[in-house]
Amino acid sequence: MKSARALYDGYNTTDKVVRKQRLPKYLQDVVNFSRWSDLGKNDIISLQKLVRKELTVWHRTERLTGL
């Protein structure tokens with residue numbers, strides 16, 4: 001990951017090039033639930049896949065609408 005950021009930061013800025021974004025609250029609630037619930041391993045993996053899929057849609061929508 002360090003090498004990817006170093007390569008990406010071709011301008012040698014002091015700012016973080018890849019800025020962290022917080023998850024939307026509804027997705028963070030699902031992630032928190034999956035961490036503390038007593039779901040089985042397969043159910044947790046399925047839930048994480050759904051969160052990643054929804055996060056991709058959210059990022060795509062955010063980019064298109066400029067939110």
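The notes below deal with the structure included here. (Residues numbered from 1 in each chain as written. Predicted model: local features only at pLDDT ≥ 70, side-chain atom pairs only at ≥ 80, totals over all residues. Heavy atoms only, no water.)

## Some points on helix H3 (residues 41–65)
Relative to the 36 Å expected for 25 residues at 1.5 Å per residue, H3 spans 36 Å between its end C-alpha atoms, a close match to the ideal helical length. Within H3 the residues assigned to the buried category are Leu47, Val51, Leu55 and Glu62. Residues of H3 that are buried sit in contact with helix H2 (25–36). (Helix = DSSP H or I, 4+ residues; strand = E, 2+ residues; numbered from the N terminus. Expected span 1.5 Å × (residues − 1). Buried < 20%, exposed > 50% of the residue type's maximum accessible area, 1.4 Å probe, protein only. Contact = heavy atoms within 4.5 Å.)

## What about H2?
When the terminal C-alpha atoms of H2 are compared, their 17 Å separation across 12 residues agrees well with the 16 Å that a helix rising 1.5 Å per residue should span. Every buried residue belonging to H2 is among Leu27, Val31 and Ser34, and all of these are buried. Each buried residue of H2 lies within a common arc of 65° when the element is viewed along its axis, so the set occupies one face. With respect to the buried face of H2, the exposed residues turned more than 90 degrees away are Lys25 and Trp36. Of the surrounding secondary structure, the elements contacted by the buried residues of H2 are H3. (Arc of directions from axis to C-beta.)

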